[in-house]
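Structure assessment
So the chains spell out like this:
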Amino acid sequence: MRVLIILGRFILDFIEEIGGVSLLFWRVLQQGHLIFRNIGNTFVQMETIGIGSIPLVLVTSVFVGAVTSVQAAYQFQGYVPLYYLGAVVGKSVTLEVGPVLTALVVGGRVSAAIAAELGTMKVTEQIDAMEMIAIDPVEYLVLPRIAAATLMLPVLTVFADFLAIVGGMVVAKLAVGVSYNTFESGLRLLFRYQDLVGGLIKTFVFGYIIAFMGCYNGFMTKGGAEGVGVATMRAVVSSCLLILVSNYLLAFLIFRVIFAPN
Amino acid sequence: MNEQCSGPIIELRGVRKRFGRQEVLGGIDLSIGACETLVIIGRSGCGKSVLLKHITGLIRPDEGRILFHGEDITQFGRKSLFEMRMHFGMLFQGAALFDSMTVGENVALPLVKHSAMTDEEIRRTALDKLRLVGLPDVWDMYPAQLSGGMKKRVGLARAVVMDPQVVLYDEPTTGLDPIMADVINVLIRSLQKELDITSVVVTHDIKSAYKVGDRLAMLHEGRIIFSGTPEETARTGDETVRQFIEGRAEGPIRAV
Ligand SMILES: Nc1ncnc2c1ncn2[C@@H]1O[C@H](COP(=O)(O)OP(=O)(O)O)[C@@H](O)[C@H]1O
Ligand SMILES: [Mg+2]
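Residues numbered from 1 in each chain as written. Chains lettered and ligands numbered in written order. Predicted model: local features only at pLDDT ≥ 70, side-chain atom pairs only at ≥ 80, totals over all residues. Heavy atoms only, no water.

What chain A contains, in helices and strands, is 9 helices and 0 strands. The order of α-helices and β-strands along chain A, N terminus first, is α-α-α-α-α-α-α-α-α. Its C-alpha atoms put chain A at 65 × 55 × 40 Å along the principal axes. Residue burial in chain A is summarised as follows: out of 262 residues, 47% are buried. Considering only residue pairs separated by 6 or more positions, chain A has 85% of its internal contacts joining residues 24 or more positions apart. (Helix = DSSP H or I, 4+ residues; strand = E, 2+ residues; numbered from the N terminus. Buried < 20%, exposed > 50% of the residue type's maximum accessible area, 1.4 Å probe, protein only. Contact = heavy atoms within 4.5 Å.)

Attention now goes to the pattern of salt bridges. In this structure the tally under the stated criterion is 25 salt bridges over all chains. The residue Asp136 of chain A makes a salt bridge to Arg27 of chain A at a minimum N-O spacing of 2.9 Å. Linking Asp136 of chain A in the loop between helix H5 (126-132) and helix H6 (137-176) with Arg27 of chain A in helix H1 (residues 2-31), this pair joins segments that are 109 residues apart in sequence. You'll find Asp136 of chain A and Arg27 of chain A in the same group, each marked buried. Taking the shortest distance from any N to any O, the salt bridge between Lys53 of chain B and Glu125 of chain A comes out at 3.0 Å. Of this pair, Lys53 of chain B sits in helix H1 (residues 48-55) while Glu125 of chain A sits in the loop between helix H4 (85-123) and H5, on two different chains. Its relative accessible area of 14% is what places Lys53 of chain B among the buried residues. What emerges from the salt-bridge pattern is a single network uniting Arg27, Glu131 and Asp136 of chain A together with Arg78 and Arg85 of chain B. (Salt bridge = Lys/Arg side-chain N within 4 Å of Asp/Glu carboxyl O.)

Glancing now at the side chain of Ser208 of chain B. With respect to the element layout, Ser208 of chain B can be found in helix H7 (residues 206-212). Among all residues touching Ser208 of chain B, those that are not within four sequence positions of it are Thr173 and Asn185 of chain B.

Scanning the entire structure with this criterion turns up 7 aromatic pairs over all chains. Consider the rings of Phe25 of chain A and Phe212 of chain A, whose centres lie 6.1 Å apart with planes at 65°: the pair is edge-to-face. Of the two residues, Phe25 of chain A sits in helix H1 while Phe212 of chain A sits in helix H8 (residues 193-219), which places them 187 residues apart along the sequence. A ring pair is formed by Phe68 of chain B and Phe88 of chain B, whose centres lie 5.0 Å apart and whose planes are at 55°; its orientation type is tilted. (Phe/Tyr/Trp six-rings, centres within 6.5 Å; stacked < 30°, edge-to-face > 60°.)

Residue and element names in this part refer to chain B. Taken together, Phe19, Gln22, Val24, Arg43, Ser44, Gly45, Cys46, Gly47, Lys48, Ser49 and Val50 make up all the residues around ligand 1. For ligand 1, an oxygen atom lies 2.6 Å from a polar atom in the backbone of Gly45. Backbone polar atom of Val50 to an oxygen atom of ligand 1: 3.0 Å apart, as the coordinates give it. When ligand 1 is considered free in solution it has 570 Å² of accessible area, and contact with the protein chains removes 61% of it. Secondary structure elements with two or more residues in the shell around ligand 1: strand E2 (22-33) and H1. Residue classes in the shell around ligand 1 are distributed as 4 nonpolar, 5 polar and 2 charged. (Near = heavy atom within 4 Å. Polar contact = N/O pair within 3.5 Å; in protein donor to acceptor, adjacent residues only side chain to side chain. Areas by Shrake-Rupley, 256 points an atom, 1.4 Å probe, with all protein chains shown as cover. Nonpolar A, V, L, I, M, F, W, Y, C, P; charged D, E, K, R; others polar.)

Below, the discussion takes up the interface of chain A and chain B. Taken together, the contacts link 17 residues of chain A with 22 residues of chain B. Summed over both partners, the interface of chain A with chain B buries about 1,800 Å², with 62% contributed by carbon and sulfur atoms. Across the contact surface, chain A and chain B share 5 salt bridges. Asp136 of chain A is the salt-bridge partner of Arg78 of chain B, the closest N and O atoms lying 3.5 Å from each other. Here chain A is connected to chain B by 7 residue pairs in polar contact (both at pLDDT 80 or more). Of all the secondary structure elements, the ones that give two or more residues to the side of chain A that touches chain B are H5 and H6 of chain A. When residues in the side of chain A that touches chain B are grouped by element, the largest group, 6 residues, is from H5 of chain A. Tallied by class, residues from the side of chain A that touches chain B come to 9 nonpolar, 3 polar and 5 charged. (Buried area = accessible area lost by both parts, 1.4 Å probe.)

Turning next to the sheet that holds strand E4 (residues 63-68) of chain B. Two strands in a sheet stick together by hydrogen bonds in their backbones, pointing the same way (parallel) or opposite ways (antiparallel). Residue and element names in this part refer to chain B. If you walk across this open sheet you meet the 4 strands as E2-E1-E4-E5, and the pairing is antiparallel. Only two strands of the sheet have a single neighbouring strand rather than two, namely E2 and strand E5 (71-72). For strand E1 (residues 8-19) and E4, the ladder comprises 5 bridges, and the chain directions are antiparallel. Note on E4: the bridge partner recorded for Ile10 is Phe68. (Pairing = 2+ DSSP bridges.)

Structural data, given as structure tokens:
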């Protein structure tokens, strides 16, 4: 009996959550055009989300490229000529590692920051105060953040892809002994523009998810400081999970349907 | 008294609200006259803030009607609600200043967003309101640099910057020292006289209630159980009200 009650409550909470997410999603869609009234705010957010994430992305991508290079060389041993090292690093970085890892590290940083900021505004009644002076919090707070994250994540990913490949290249020379020339011609050999484009299309969606889950959880904050902590944690967990799930769905859509191999 | 000061400006009819299992408002009937200062008293957690948020449409009731100038705001969409709120000012319990903005930007924001004034006019109007609350020199400071009493006064300046018809105060004196509390009480009184506004003050500070109120109403267990002038309140025979205004642990209200 108790199990049923707990299960029932869980299902109700879940439905309520879906309802809340859909409602905010709908309002963002409906009011999307109002972003042009909030360009100033959007630029501020682009700076904090985009420029602010550069050091994190830099370190992450250089090391990820480096480790990809070393691991690939190890797996090639005796089977695949090292000539293909550049090809493998390039492929895995542009298709998968660049977009997803950038989204995950930026997602952790940005969705937490957004949820904490909006959550604090919520519990200190600043959101209500905004409503009271007839300013729509969705228009004023949510739209600029979503627009900024959606635009900046692809930019950060291009940056990350580049750094990861450079990282892989340097490690290939220093640790594996593959010259820059060899690495580069391997890279060129299998490079397809659609890999880069496909990878970048995903990041628009990831950027949206990151800002959206930050805002949604911020708005749902209840209670005081503890509630802000809970909201922040939920924002990070939910945006990371959604990134991983949507990554699969998008990969399927992009590489099995749009750029289908023939 | 001018003409617009006759008849009720806000009416609540059978307003009910529950959160989950907890019934917070159990059928509120209340009329607020134009230009009067109504003080709603009640214990902490009895639903005073929830009641104020119903009047401004921040919370929708489960049942009942809320009329502003005879129009039912529970049926309003976002746009009409925003239009209505232009005539409202609210001082929140913690002042709710935007902490990413300076004091000046906080007070000026409603004008920046909704008026056709030039930057210079906006600045002058906002400064006038800051002067009204006795803080002409804090324009460039951030809320984090202000004391509790100063925050409330800035919040008050922001609440009245659009010259609203109605100002709502959520526990304006709570958490302030007695002298600052009196400063706020005097301000509420003088704003009311100078600007001809309707005020609704929610508080558990009985001294402040007597000082600013034309009329007192008591919210208890989700209902308005009493309403009268300060004199009537002081003479009432209602044991529940007596216990509250005298601040006794024993009586019909179970303290814990
Ligand atoms: N958004 C909400 N969700 C759930 N419960 C709420 C909400 N707002 C207020 N409550 C509950 O309603 C009751 C009255 O709260 P409130 O109006 O803040 O009291 P007060 O009279 O001290 O201002 C409290 O028990 C509070 O927990
Ligand atoms: Mg309250």
